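Listed below, chain by chain, are the residues.
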Amino acid sequence: SIQSHGWSHRNMAALSPLALLWELVRSQSAIFTLTGRFPVALSYPNGNSSARTRKIASWFYTYGVRTCAGVYETGSDPLLYRQPRHHAGRIQTRT
């Protein structure tokens, strides 16, 4: 499945609420347009998230993952699950 990493790989914890909404909506819309399915997972770019980021992300995603010093964190927050890390090279897509 294809999941989300945000639209522009920005530090989501540093974005204003409106900018974060735009980042998430634009990413979800692009993935839906290309695949016909909405993503259910969000991987926070560079592991940057905050309580506010996770709250807003929960409006769009079932769960999320982030890294801390290269290791995926886990906990009771459903937007911080542990996932094996896989590398996917960059591809060019049309928007």
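Being a predicted model, the structure only gives us computed values, none of them experimental.

Caption draft 1: Highlighting the confidence of the model for the protein. Taken residue by residue, the protein gives an average pLDDT of 78. The fraction at 70 or more is 68%. Ranking the elements of the protein by mean pLDDT puts strand β4 (residues 71–72) last with 54 and helix α1 (residues 17–35) first with 94.

Caption draft 2: Structural view of the environment of arginine 26. Considering the arrangement of structural elements, one finds arginine 26 in helix α1. Sequence separation between arginine 26 and tryptophan 7 is 19 residues; the distance between their C-alpha atoms is 6.2 Å.

Caption draft 3: Quick look at α1. In this model α1 runs 27 Å from its N-terminal to its C-terminal C-alpha over 19 residues, within 8% of the 27 Å that 1.5 Å per residue would give. Turning to α1, its buried residues number three or more, namely Leu20, Glu23, Leu24, Ser27, Gln28, Ala30 and Ile31. Looking straight down α1, one finds its buried side chains confined to an arc of 160°; they lie on one side. When the buried face of α1 is taken as reference, the exposed residues oriented beyond 90 degrees from it are Leu18, Trp22 and Thr33.

Caption draft 4: Representation of the side chain of serine 4 in the model. Residue placement: serine 4 occurs in the segment before α1. Accessibility expressed as a relative area gives 3% for serine 4, which makes it buried. Polar contacts involving the side chain of serine 4 include one to the side chain of serine 27, which spans 2.6 Å. If we skip the residues at most four places from it in the chain, serine 4 touches Ser27, Ile31, Pro39, Ala41, Leu42, Ser43 and Tyr61.

Reading the values: rules and limits
Residues numbered from 1 in each chain as written. Predicted model: local features only at pLDDT ≥ 70, side-chain atom pairs only at ≥ 80, totals over all residues. Heavy atoms only, no water. pLDDT = per-residue confidence, 0-100. Helix = DSSP H or I, 4+ residues; strand = E, 2+ residues; numbered from the N terminus. Expected span 1.5 Å × (residues − 1). Buried < 20%, exposed > 50% of the residue type's maximum accessible area, 1.4 Å probe, protein only. Arc of directions from axis to C-beta. Polar contact = N/O pair within 3.5 Å; in protein donor to acceptor, adjacent residues only side chain to side chain. Contact = heavy atoms within 4.5 Å.

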